[in-house]
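# Geometric and topological summary
Spelled out, the chains give:
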Amino acid sequence: FFFQAEDGIRDFCLSRGLGDVYKRQPLRPEPLELIMKDTEELIIPCMTKWQHPSFFAYFPSGSTHPGVIGDMIATAFNNPSFTWVANPATNELDNVVSDWIVRMCALPKKFLFSSKGGGSSLPSTTEAILLSLHVAKHRKMKELGITVSDPRILKLVAYYTETAHSAINKAILIKDIPHSRAIPFTYDEEKRDFAVSLDIFKRMIEEDLQQGLIPFFLLSTIGTTSYCGIDPTKELGAIAKEYKMWYTVDAAYAGAALICPEFRILGVGLDYCDSIAINLGKWLLCEISAAFIFVGNRLEFIELNGGKIDPAYLRNKYSARAQDIDQKDWAIGLST
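Read on for a plain summary of the structure. (Residues numbered from 1 in each chain as written. Predicted model: local features only at pLDDT ≥ 70, side-chain atom pairs only at ≥ 80, totals over all residues. Heavy atoms only, no water.)

### Comments concerning the overall build of the protein chain
The number of helices and strands found in the protein chain is 10 helices and nine strands. With the C-alpha coordinates aligned to their principal axes, the bounding extent of the protein chain is approximately 65 × 60 × 45 Å. Burial statistics for the protein chain: of 336 residues in total, 44% are counted as buried. Taking contacts inside the protein chain between residues at least 6 apart in sequence as the whole, the part at least 24 apart equals 67%. For the protein chain, the accessible area works out to roughly 18,700 Å², and carbon and sulfur atoms hold 59% of it. Computing the positive centroid from 35 side-chain charges and the negative centroid from 40, the protein chain places the two 6 Å apart. (Helix = DSSP H or I, 4+ residues; strand = E, 2+ residues; numbered from the N terminus. Buried < 20%, exposed > 50% of the residue type's maximum accessible area, 1.4 Å probe, protein only. Contact = heavy atoms within 4.5 Å. Areas by Shrake-Rupley, 256 points an atom, 1.4 Å probe, with all protein chains shown as cover. Lys, Arg positive; Asp, Glu negative; His and termini not counted. Charge placed at Lys NZ, Arg CZ, Asp CG, Glu CD.)

Next up, the structure:
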């Protein structure tokens, strides 16, 4: 049964026994039978059933037997893989699967490891967006010779489409971006639908330039969380290129649709992108922590993401030979 949220949800859960759990922290190991009994009687009744066929909130998050088995295998080995030498198989497999996804979704070839690009798995698309914003900021600082003490750092401005996921708002806050603009939607009489206003977007940029601001980042979406809307990737990408902005596409929700040839029209213009995020935990029936980021220039991405931060305990001859083989250089965490 699907547990419907209501004002008294917490009281309901506590009345079903979870209140007692707070008070009876086990001091000794408990038998598996008791653990399973608690799971069935105390935990499951108080869960929001994301796997229930009647669950339509947020986004699809279908768990499958292959996904569960994959998680079991990974958990059984439990090998941290922050550097290649720490776990060669995981690092190599991550690269292989990244290229599989690029080919499977017919993404531009520049995102393949055989080109200058590449990809990596991440805990969430939110981290992919944060990393893209971080790298975009440092690329613009490098381009204009801006240091952290330069007052021009307070002139940076980021843009995102109005219905983008709130992850971009959090990323902007974390990265202390002083100015940000939401590109509004307007009603298109010809298409009889709401769409991003490209004219308004260009006008926003020109007004910001007149105010002495520095455009550096643009985010659009393939599959908005609110209603699975598709932003005009090609048109927005052309504008980003014109004004020398880093362009990232959040395709976490509907990017998986690019697997189907009949839906690849949604990917037109992705060659403009500097980075793309796709989450396999949405439509591709993987477990929830299965996001990927793809970049067009992996060495630039790694350099601007902090470069090779290698304390003595992480140094090894393999990482010294190559600048792009360690998973830690693609993510926020230096270890797992």
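There is more to say, and it comes next.
### Quick word on a nonpolar patch on the surface
Among the surface-exposed residues, Val-68, Ile-69, Met-72, Ile-73 and Phe-77 lie close enough to one another that they form a single nonpolar patch of about 510 Å² accessible area. The topology assignment puts Met-72 in helix α3 (residues 65-77). Owing to a relative accessible area of 54%, Met-72 belongs among the exposed residues under this scheme. (Patch = residues over 30% accessible without salt bridge, like charges linked within 9 Å, V, L, I, M, F, W, Y side chains within 5 Å. Salt bridge = Lys/Arg side-chain N within 4 Å of Asp/Glu carboxyl O.)

### Examining the sheet that holds strand β9 (residues 291-295)
The sheet built from seven strands is open, its strands ordered β1-β9-β8-β7-β6-β2-β3 with mixed pairing. On the outer flanks of this sheet lie β1 (118-122) and β3 (179-183), each paired with one strand and no other. Neighbour to neighbour, the strand axes of the sheet diverge by 20° on average, direction disregarded. On the sheet, helix α8 (residues 233-242) packs against β2 (156-161), β6 (214-221) and β7 (246-250) and is oriented at approximately 160° with respect to β7. (Pairing = 2+ DSSP bridges. Axes fitted to C-alpha atoms, helices over the stretch in contact; angles between N-to-C directions.)

### A closer look at the pairing of β1
With four of five residues buried, β1 is to be regarded as a mostly interior element. Direction of pairing for β1 relative to β9: antiparallel, over a ladder of five bridges. Bridge assignment links Gly-118 to a residue of β9, and that residue is Val-295.

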